[in-house]
Amino acid sequence: MKKTIRDFELKGKKVIIRCDFNVPIEDGVIKDDSRIRKSLKTIRYARSEGAKVILLSHLGRVKSEEDKEKYSLSLISNALSKLLRKKVIFIPKTRGEEVEKAINSMHERDVILLENTRFEDLDGKKESKNNKKLGEYWANLGDIFINDAFGTIHRSHASNLGISKILHSGVGFLVEKEIKELEKLQNPKRPYVIIMGGSKISDKIELVKKLVKKSDYLLIGGGMAFTFLKASGFNIGSSLCEKDQIPFCKKLLDKYSDKIVLPIDVITAKEIKENVKTNERFINEIEEDEIGLDIGPKTIKVFKHYLDDSKTVFWNGPVGYFEIKEFSKGTKRLCQIISESKAYRVIGGGDTARAVEEMGYSKKMNHISTGGGASLTYLEGVKLKALESIDEK
Ligand code: ADP
Ligand code: MG
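Not measured: the values here are computed from a predicted model.

A few points about the side chain of Asn130
Okay, so step 1: By the secondary structure assignment, Asn130 is in the loop between strand 6 (111–114) and helix 6 (132–139).
Okay, so step 2: According to the relative accessible area criterion, Asn130 is buried, its value standing at 19%.
Okay, so step 3: Look past the residues within four positions of Asn130 in its chain and what remains in contact with it is Ser156, His157, Ala158, Leu161 and Gly162.

Some words on unusual backbone geometry
Okay, so step 1: Cis geometry is found at the peptide bond from Arg190 to Pro191, where omega equals 5°.
Okay, so step 2: Of note in this structure, Asn130 is not a glycine but carries a positive phi near 50°.
Okay, so step 3: Phi at Asn275 is positive, roughly 60°, even though this residue is not glycine.
Okay, so step 4: When you line up the elements, Asn275 lands in the loop between strand 12 (265–269) and strand 13 (278–282).

What to know about the environment of Lys301
Okay, so step 1: Positionally, Lys301 belongs in helix 12 (residues 297–308).
Okay, so step 2: Considered as a pair, Lys301 and Ile337 are 36 residues apart in the sequence and their alpha carbons are 9.9 Å apart.

Quick word on the layout of surface pockets
Okay, so step 1: What the largest pocket holds in volume is close to 1200 Å³.
Okay, so step 2: Lining the largest pocket are 39 residues, with Asp20, Asn22, Arg35, His58 and Gly151 positioned closest to its centre.
Okay, so step 3: At the level of secondary structure, the elements contributing two or more residues to the lining of the largest pocket comprise helix 1 (34–38), helix 14 (350–358) and helix 15 (372–380).
Okay, so step 4: When residues in the lining of the largest pocket are grouped by element, the largest group, six residues, is from helix 14.
Okay, so step 5: Residues that form the lining of the largest pocket fall into these classes: seven nonpolar, 17 polar and 15 charged.
Okay, so step 6: The space that makes up the second largest pocket amounts to roughly 650 Å³.
Okay, so step 7: As for the second largest pocket, its lining consists of 38 residues, of which Gly198, Ser199, Lys200, Pro318 and Asp351 are closest to the centre.
Okay, so step 8: Those elements that place two or more of their residues in the lining of the second largest pocket are helix 10 (224–231), strand 14 (291–295), helix 14 and helix 15.
Okay, so step 9: Ranked by residue count, the leading element in the lining of the second largest pocket is strand 14, at five residues.
Okay, so step 10: Grouping the constituent residues of the lining of the second largest pocket by class yields 15 nonpolar, 15 polar and eight charged.

Brief notes about the domain arrangement of the chain
Okay, so step 1: Segmentation of the chain into domains returns domain 1 (5–175) and domain 2 (184–380).
Okay, so step 2: On the side of domain 2, eight residues touch domain 1, which itself brings eight residues to the contact.
Okay, so step 3: Summing both sides of the interface, domain 1 and domain 2 together bury roughly 570 Å²; the carbon and sulfur share of this comes to 61%.
Okay, so step 4: A per-residue breakdown of the area domain 1 buries against domain 2 is headed by Lys38, Phe150 and His154, which together make up 68% of the total.
Okay, so step 5: Between domain 1 and domain 2 we count zero salt bridges in total.
Okay, so step 6: The tally of links from domain 1 across to domain 2 stands at zero residue pairs in polar contact (both at pLDDT 80 or more).

A closer look at the site of ligand 1
Okay, so step 1: Inspection of the region around ligand 1 gives 18 residues, with Lys204, Gly320, Glu323, Asp351 and Thr352 positioned closest.
Okay, so step 2: Gly292 places a polar main-chain atom, nitrogen or oxygen, 3.1 Å from a nitrogen atom of ligand 1.
Okay, so step 3: Within the contact set of ligand 1, an oxygen atom lies 2.9 Å away from a backbone nitrogen or oxygen of Asp351.
Okay, so step 4: If ligand 1 stood free it would expose 580 Å²; the protein chains cover 87% of that surface.
Okay, so step 5: Because more than half of its atoms lie within 2 Å of the grid, ligand 1 is assigned to the second largest pocket.
Okay, so step 6: Contributing elements (two or more residues each) for the shell around ligand 1: strand 14 and helix 14.

What counts and what doesn't
Numbering of residues begins from 1 in every chain and follows the order in which that chain's sequence is written. Whichever chain is written first is A, and whichever ligand is written first is 1; the rest continue in order. Residues qualify for local features only when their pLDDT is at least 70, as the model is predicted, and side-chain atom pairs are given and counted only at 80 or more; totals for whole chains, interfaces and linings, by contrast, use all residues. Hydrogen atoms and water are omitted, and side-chain values are computed over all heavy atoms in the structure. A run of H or I in DSSP counts as a helix once it spans at least four residues, and a run of E counts as a strand once it spans at least two, with each numbered from the N terminus. Burial here depends on accessible area, computed with a 1.4 Å probe over protein chains only, as a share of the maximum for the residue type. Under 20% is buried, over 50% is exposed, and the range in between is partly exposed. In what follows, residue pairs with any heavy atoms lying within 4.5 Å of each other are defined as contacts. Any residue with an atom within 4 Å of a point lines the site, the site being either a cavity, points on a 1 Å grid over the protein atoms alone where a 1.4 Å probe fits but cannot get out, or a pocket, an open set with protein on both sides within 12 Å along at least 5 of 7 lines. Grid points are joined across faces, edges and corners, and a volume is the space filled by probe spheres set on the points. When residue character is reported, Ala, Val, Leu, Ile, Met, Phe, Trp, Tyr, Cys and Pro are called nonpolar, Asp, Glu, Lys and Arg charged, and the others, Gly included, polar. For the domain bounds, the source is a domain assignment made automatically or taken from a database. A 1.4 Å probe defines the accessible area here, and the buried area is the portion of it lost by two parts on being joined, summed over both. The working definition used for a salt bridge is a side-chain nitrogen of Lys or Arg within 4 Å of a carboxyl oxygen of Asp or Glu. Counting of polar contacts relies on pairs of N or O atoms within 3.5 Å, with two restrictions inside protein: one atom must be capable of donating a hydrogen and the other of accepting it, and residues adjacent in sequence are counted only when both atoms are side-chain atoms. For this purpose, a residue is taken to be near a molecule or strand whenever a single non-hydrogen atom of the residue falls within 4 Å of it. All accessible areas in this document rest on Shrake-Rupley with a 1.4 Å probe, and a residue is counted as covered only by the protein chains that are shown. Placement in a cavity or pocket follows one criterion, namely that more than half of the molecule's atoms lie within 2 Å of its grid points.

Quick look at the structure:
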């Protein structure tokens, strides 16, 4: 078991907390502050224990000098100050004298936020490639390291792995909860039903391979269903198809014919746009110039039948092009059906989490994993790089 923030004596200590403040920003406005809110518990705890709190986070991808203005954490600092009801001291630098001076004059319960760790990427990707010197530099600023950024925990960056290799380290409350919830899926109550959708199979081959074994039933929707349908001999018109994945799909369908459930009807259109004319088609009726963009009502019924009997549900990947209203029904109905089920309900994946939230069902789930890639990497059975180096209890 990994150490958590509770396993350390924090009073008077300089505690570096790696947070995930990677929030969506449009025209200088934070569009969704849930990631900031989710980090509050750990920050509040550190303050209440009398720590000097030093926060690090990345925001977006910084590729040019111009990106610096767009992705400065100063905006986050204001939002965080309001949420904490405590002025966060923002240092617009990632290292140097200003940083060191500010940290040396900290009092207990103070909170300092340094500038976006990815600014270091402008200089040879020092952050993203886990430059050893940079990790050492940041580690030397504190006494204890707490990783509470689940979204990047599968990556080796200077601000997570780099620091934790040097300092005594533990995880924060958010990471602790994520791991605990995802661990439950390793020994699920059965029947265990998994729904997979989204756009591409190639992104998720390893995940599909792993999950099909674990599950009792694997319901497939979304863009990836069409390569499976093609592999079963259907004409899928102009739907998304990854030709080079057809052999993989065939193999999987042969081996797990008793587990894999494919759509029997779909919603099609000739174009992907709002207010387009849509058609309901059985999967042997799709025309050449039609694109399959959602699961149909009969498929939803079939999926419901499996979901109603399940004891554990994991869902990754919207089952339709949900960003457009005409193709969002399947995903919305699934939200509803899963909400009403008595199963243990876990949602993973960035877009799936967004869909469930936007459609107003987030409170009805047992857990929505905040780290898209990180949660899927964990479920693939791959070790989370930045978690490995955290101290064991
Ligand atoms: P997640 O982020 O939850 O893992 P993905 O990134 O794999 O999910 O997939 C999400 C995307 O899949 C959405 O943007 C959605 O529009 C798209 N999608 C779903 N169904 C289809 C479809 N039938 N054709 C094309 N794209 C689809
Ligand atoms: Mg996605």
